[in-house]
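# Chains, contacts and geometry: an overview
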Amino acid sequence: MQLHGIVPAIVTPVDSEGKFQAEPFSKLVDYLYRSGAHGIYVCGQTGEGMIQPVAQRKLVTEEAIRNSPPGKQVIIHTGAYSTQDAVELTRHASAAGATAVSSLPPCGFYSFAEVERFYQKVAAAATVPFLVYYFPDVCPGISSAEQIETLLGISGVAGLKFTDFDLCKMMRLKQSGAAIYNGRDEVLAAGLLMGADGGIGSFYNIAPELFVDVYENSRHGRWKQAVETQKRINALIRVTLQFPLIPAIKQILAWSGIGCGPAIEPRRPLTEAETSALRQALEQIEWEPAAVLG
């Protein structure tokens, strides 16, 4: 399957004890697909995958695949703090029917040689296309275009999730022929202009139709319209980032009719004052949470 399009980094609904909740997850998946999303990115940073138990991540993976119709991309983030867990999750996702798998590099102070060895082992465990995840703000073990090009040369690696504002670097990497997903929601239109095949992002959960609109306008060369929609997206991002991101997104989804529960500890919930301030901030930019049906 071609790797492309708008792929929300879907949140993981949980109860008060952090246990996965399948019913709201299914409802959210359906909402995203009805809004035009081309796939979902599961258990990434937004999906709080790294702080979930391996067994639960496998369950989320299976539900994501089960709830996705033919033709949709299900990309499973299998990164973990240990190589052993990442390999286990990668094998499971491949066997379960994922379209592709992806992984952050090891998070922490690792040398590039250690990062490269990690990716060699995890990519070798995949029987589906593998995506490197470049996110230097979180995992500084990868920093240069040359290092990324080395990782793209690993057997089984098909592409890259590029979460950075250096779009000149992304444009250079695209010349390798790899599939690239833009990972900074604020610059989706610019990323597509610079050669990205699509985007993966957090705010796609709460405004999927806007990101689909940017993508479709870009495909048809309607860059002025794409930029206008990007401005609307960025207004939403600016006000939401005044608050803790994952709890804020889950709160907005709750207002939309999809109760995804709290963020997983150690993340804290929004306070009552923050919840009220978030609603007021959204009203100030005349943005209403979508009324999700079904």
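Everything numeric in this text was worked out from a predicted model, so none of it was measured. (Residues numbered from 1 in each chain as written. Predicted model: local features only at pLDDT ≥ 70, side-chain atom pairs only at ≥ 80, totals over all residues. Heavy atoms only, no water.)

For the rest of this paragraph, the subject is the packing of helix α5 (residues 145-152) against helix α6 (residues 167-174). At a minimum axis separation of 10 Å, α5 and α6 run at an interaxial angle of 35°. For the pair α5 and α6, the sense of crossing is right-handed. Of the residues in α6, those in contact with Ala-145, Glu-146, Ile-148, Glu-149 and Leu-152 of α5 are Lys-169, Arg-172 and Leu-173. When grouped by side-chain class, the residues that make up the contact of α5 with α6 number 4 nonpolar, no polar and 4 charged. (Axes fitted to C-alpha atoms, helices over the stretch in contact; angles between N-to-C directions. Helix = DSSP H or I, 4+ residues; strand = E, 2+ residues; numbered from the N terminus. Left-handed = near helix turned anticlockwise from the far one by under 90°. Contact = heavy atoms within 4.5 Å. Nonpolar A, V, L, I, M, F, W, Y, C, P; charged D, E, K, R; others polar.)

Attention now moves to the side chain of Asn-182. Here Asn-182 shows up in strand β7 (residues 179-182). Here Asn-182 falls in the buried class, since its relative accessible area comes to 0%. When neighbours within four sequence positions are excluded, Asn-182 is seen to be in contact with Phe-162, Leu-167, Val-187, Leu-188, Gly-191, Ala-196, Gly-198, Gly-199, Ile-200 and Tyr-204. (Buried < 20%, exposed > 50% of the residue type's maximum accessible area, 1.4 Å probe, protein only.)

The sheet built from 8 strands is open, its strands ordered β1-β8-β7-β6-β5-β4-β3-β2 with parallel pairing. Edge strands, defined here as strands with exactly one partner in the open sheet, are β1 (5-8) and β2 (39-42). On average, each strand axis in the sheet is inclined to that of its neighbour by 25°, with strand direction left out of account. Note: strand β6 (residues 157-162) against β7, 4 bridges, orientation parallel. By the bridge assignment, Lys-161 is partnered in β7 with Tyr-181. (Pairing = 2+ DSSP bridges.)

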